[in-house]
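What follows is each chain in one-letter form.
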Amino acid sequence: MRWLLLKDLQILRRSPLQAALLVLYPVLIAVLVGLAISGGPERPRVALLNEVPDNARVSLSGTKLPSANVQRRICSRVECVHVHSRQEAVAKVESGDVLAALVLPEDLVNKINSLSTLAPGTPKVEVLVNESDPLKAAAVDDRIEALLAQANLALAKRIAVEGGKYLNLVIKGGNLPVLAGAVHVLGLQASARILEAIEPALPRGPLRAALSEVTEFATQASENLDIAGPLINRLAQPIRVEKVAVGGSAPPLETFAVAVAATLTLAFVAVLLVAGSLALEREENAYPRLTRGLVSTEALLGEKILLGVAVGLVVTVLMLAGLQIFVPLEWGRFGLWLAAIVVGGASLAAAGAALGAAAREVRAVSLLAFMVTLPVAFLSLVPSGTVGAGLYDVIKLIAAIFPFKPALEALTAALEAGNGSLGAPLLHLAILGVAYALIARLALRRFARV
Amino acid sequence: MKSFGGLEALRGVGFAAEAGELLAVIGPNGAGKTTLLSILAGILDADGGEVEVGARAVGWVPQQAALYRRLTVEENLMLFARLEKHEDPAASVAEMLELTGLGERRGEIVARLSGGNQQRINIAIGLLARPGVLLLDEPSVGLDPRQRARLWEFVSGLAGGGTTVIFSTHDIQEAERYGDRMLVLADGEALFDGSAEELREAVRSEAPEAADRDFETAFVAYLHHRGH
């Protein structure tokens, strides 16, 4: 077996371009996927044209409210690119420099203020998007809607706070600032106390009874309006989200991205190398010569799987070492990494052997390996709940019968403590490895003799 | 006997070959030549019948060169010498390089060699098993006349050394020139087993109208008379 392994490594060394592609392509794909997953568009670039005057404030009953900092809130969620005209905003959207443009018109605050008058207007903001790309358009819609919902919430909270202050003034009394001075407001509670004090001084009769009713009203109004304060506050955000994690804890995004990148690399190297190497034995017509007494089919398959594991291990560990620059990894768990990479690599290599046994041309087998590995890898990354239940069941089945998903789970668990069990995915990989090796054995017996 | 699905590829074929004998298995395409050699080599299992060889191994040289084109001549020979578990693989490689006359090209990548030289390495690998019987499946296909002559000189030398050589060909003139004996196959059936002269005689008696034509034309007429 060692001489065959040496021969395969010699052939790999003689094909530097193919070897480089075999290593560089998956590493490139893996890094891109890793970056895409870990560094998603958390802060998309959005052009912001704010035409609202600096001193404009939302006012309530003639009193200007403090700024709700809507612009700051928007710019904390997206990367704001400040523009100075609508034309500039349109140009940036059209060129793709920004995902969208948000225009806050000059009369926005006036329209908001008109809501509390007898002639309310409709406050509007303008969103400019380039809808030539439907995916991008949908993403922009979601983002902008979320941003505006937050802006509305901020305004509603500010209004609720100010409304609560006025309500408090009505209940407890105090000074109401008006123009340069202030007007003293007695308040319901003080009114009730004064009325209660006056009531015994009045003679019994209809006047005292009426005063008693007014006193009773002031007391009841004070008590009931006291309850209304928190209600107004809740109206601004009636439903609050309380997130409870069930069904295991998710690994940190960086760790998951590293695991995805490493597993993709391992999958491509192991599957492609083994499939191609096995097909090469047949393309070179060497398979019948080898298996007529020199090497058993089982030994040949074992050698190919060993080749996939060895090269996959080296490339994956080198890649993890490279990723260490960006994401700190727990090298103290190297033994567990090794177990995950070796068992995962063996299972993926066995799948590669099954593919390689199906055809005799290296090019056809390489294409087949790509066509299987790439979609299965991406399907394995589809989270539950993002597609229909029936489709997700199909995806789960596909992901379960190819070793990528369990290899990813094993590597995720191995990279960091608390990322789930390592035993279950290793067992899954071992079962798949044996199954694929048997399929490869049968396929060779069926197709590869002469 | 051998069938592939409903197709009977070989039936009732029997022959013996002596040490140092050059036996040509001839017949048109689809006659069953490769199937017969594959059964003798142990690549295919026969559905019925027996194959008996002496104590020494059977060497097999497939029609298409079975070697690694990205390895050098020496690396190919060394790999198979090691797989054959030779005690001194390097000495075996040197012996084969000497035998094939490719010693000076030992470090060359096989893909860069001519078809003739690739075929010589192909045969040398078959010889690494130190076989008593060497099976050559259409060994001269794709070779130019000069390469062909050198190949047969090499193979004749092996037979001269006591190796039984059984080779298949559809070239009747090559079989006549290099074979000590001929086994004629057509549609999986053995039609004739004997020397070239005996085959000429058989052609004369079976197809007298073609007896005066060249041997290939006469042979085709013979096959036609035999229903093939």
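As the structure is a prediction and not an experimental result, all values here were calculated from the model.

1. A short note on the state of the cysteines
All names here are of chain A.
- A complete count under the given rule lists one disulfide over all chains for this structure.
- The disulfide partner of C75 is C80, and the gap between their sulfur atoms is 2.1 Å. Since a negative S-S torsion denotes a left-handed disulfide, the C75-C80 link at about -100° is left-handed. Per residue, the accessibility class of C75 equals that of C80, and both read buried.

2. Digging into the environment of A:S384
- Counting through the fold element by element, A:S384 comes out in the loop between α13 (362-380) and α14 (389-401).
- Separated by 11 residues in sequence, A:S384 and A:I395 have C-alpha atoms that sit 9.7 Å apart.

3. Structural notes on the packing of helix α7 (residues 196-206) of chain B against helix α8 (residues 215-225) of chain B
Residue and element names in this part refer to chain B.
- Contact pair α7 / α8: the axes reach a minimum separation of 9 Å and the direction vectors enclose 60°. Considering their axes alone, α7 and α8 lie oblique with respect to each other. In the packing of α7 onto α8, the handedness of the crossing is left-handed. Two secondary-structure elements touch here, α7 through A196, L199, R200, A202, V203 and E206 and α8 through F215, A218, F219, Y222 and H225.

4. Considerations on the sheet that holds strand β5 (residues 100-104) of chain A
Residue and element names in this part refer to chain A.
- Ordered by their spatial adjacency, four strands build an open sheet running β4-β1-β5-β6, and the pairing between neighbours is mixed. Edge strands, defined here as strands with exactly one partner in the open sheet, are β4 (79-82) and β6 (126-129). Averaged over all neighbouring strand pairs, the angle between strand axes comes to 30°, with direction disregarded.
- Bridge analysis of strand β1 (residues 45-50) against β5 gives five bridges, and the strand direction is parallel. By the bridge assignment, L49 is partnered in β5 with V103.
- Its contacts with the sheet put helix α4 (residues 86-95) on β1, β4, β5 and β6, and the angle it makes with β6 is roughly 35°.

5. Regarding the pairing of strand β6 (residues 164-169) of chain B
Residues and elements named next belong to chain B.
- In terms of residue burial, β6 counts as a mostly covered element, since six of its six residues are buried.
- Burial of the side chains of β6 extends over both faces: T164, I166 and S168 are buried on one face and V165, F167 and T169 on the other.
- With five bridges connecting them, strand β3 (residues 22-26) and β6 associate as parallel partners. Bridge assignment links L23 to a residue of β6, and that residue is I166.
- Where strand β5 (residues 133-137) lies against β6, five bridges are found, and the strand directions are parallel. By the bridge assignment for β6, L134 is matched with V165.
- A crossover connection joins β5 to the parallel β6 through helix α5 (residues 145-160); in handedness this β-α-β unit is right-handed.

6. Here we look at the packing of aromatic side chains
Residues and elements named next belong to chain B.
- Within the structure shown, the criterion is met by eight aromatic pairs over all chains.
- Seen from their ring centres, Y68 and F80 are 6.3 Å apart, and the 15° between their planes marks the pair as stacked. Of this pair, Y68 sits in the loop between β4 (58-61) and α2 (73-83) while F80 sits in helix α2, and the two are 12 residues apart along the sequence. Exposure class is identical for Y68 and F80. Each is buried.
- For the ring pair W152 and Y178, a centre distance of 4.7 Å and an interplane angle of 10° mean the geometry is stacked. Of this pair, W152 sits in helix α5 while Y178 sits in helix α6 (residues 172-178), placing them 26 residues apart in sequence.
- Using a relative accessible area of 1% as the deciding quantity, one classes W152 as buried.

7. With respect to the interface of chain A and chain B
- Opposite the 23 residues of chain A that make contact, chain B presents 29 residues.
- Here chain A packs against chain B, burying approximately 2,400 Å² in sum over the two surfaces, 56% of which is carbon and sulfur.
- In terms of surface lost to chain B, no three residues of chain A exceed A:E284, A:R289 and A:R292, which account for 32% of the buried area on that side.
- Between chain A and chain B we count two salt bridges in total.
- As a salt-bridge pair, A:E284 and B:R69 come within 2.7 Å of each other at their nearest N and O atoms.
- For the interface between chain A and chain B, the tally reads 12 residue pairs in polar contact (both at pLDDT 80 or more).
- Counting residues per element, the side of chain A that touches chain B draws most heavily on helix α1 (residues 2-14) of chain A, which supplies eight residues.
- Taken together, the residues of the side of chain A that touches chain B break down into 10 nonpolar, four polar and nine charged.

8. Quick word on a negative patch on the surface
- There is a patch of like negative charges on the surface, built from A:E196, A:E213, A:E216, A:E223 and A:D226.
- Per-element accounting of the negative patch gives the leading share, four residues, to helix α8 (residues 206-236) of chain A.

9. A few points about the pattern of salt bridges
All names here are of chain A.
- Overall, the coordinates contain 23 salt bridges over all chains when judged by the stated rule.
- With its nearest N and O atoms 3.1 Å apart, the salt bridge here joins E79 to R45. Within this pair, whereas E79 is found in strand β4, its partner R45 is found in strand β1, the two being separated by 34 residues in sequence.
- On the accessibility criterion, R45 (30% relative accessible area) is partly exposed.
- A salt bridge links E303 to K304; the nearest nitrogen and oxygen atoms lie 3.3 Å apart.
- For K304, a relative accessible area of 0% gives the class buried.

10. Some remarks on the sheet that holds β4(B)
Residues and elements named next belong to chain B.
- Here we have six strands laid out as an open sheet, ordered β4-β5-β6-β3-β7-β8, and mixed in their pairing. In the strand order of this sheet, the two ends are held by β4 and β8 (189-194), each with one partner. The sheet shows a mean angle of 15° between the axes of neighbouring strands, direction not considered.
- Strand contacts of helix α4 (residues 115-127): β4 and β5, with the helix running at about 160° to β4, the strand carrying the most contacts.

Reading the values: rules and limits
Residues numbered from 1 in each chain as written. Chains lettered and ligands numbered in written order. Predicted model: local features only at pLDDT ≥ 70, side-chain atom pairs only at ≥ 80, totals over all residues. Heavy atoms only, no water. Disulfide = S-S within 2.5 Å. Buried < 20%, exposed > 50% of the residue type's maximum accessible area, 1.4 Å probe, protein only. Helix = DSSP H or I, 4+ residues; strand = E, 2+ residues; numbered from the N terminus. Axes fitted to C-alpha atoms, helices over the stretch in contact; angles between N-to-C directions. Parallel < 35°, antiparallel > 145°, perpendicular 65-115°, else oblique. Left-handed = near helix turned anticlockwise from the far one by under 90°. Contact = heavy atoms within 4.5 Å. Pairing = 2+ DSSP bridges. Right-handed = clockwise from strand over helix to strand, strands pointing away. Phe/Tyr/Trp six-rings, centres within 6.5 Å; stacked < 30°, edge-to-face > 60°. Buried area = accessible area lost by both parts, 1.4 Å probe. Salt bridge = Lys/Arg side-chain N within 4 Å of Asp/Glu carboxyl O. Polar contact = N/O pair within 3.5 Å; in protein donor to acceptor, adjacent residues only side chain to side chain. Nonpolar A, V, L, I, M, F, W, Y, C, P; charged D, E, K, R; others polar. Patch = residues over 30% accessible without salt bridge, like charges linked within 9 Å, V, L, I, M, F, W, Y side chains within 5 Å. Areas by Shrake-Rupley, 256 points an atom, 1.4 Å probe, with all protein chains shown as cover. Lys, Arg positive; Asp, Glu negative; His and termini not counted. Charge placed at Lys NZ, Arg CZ, Asp CG, Glu CD.

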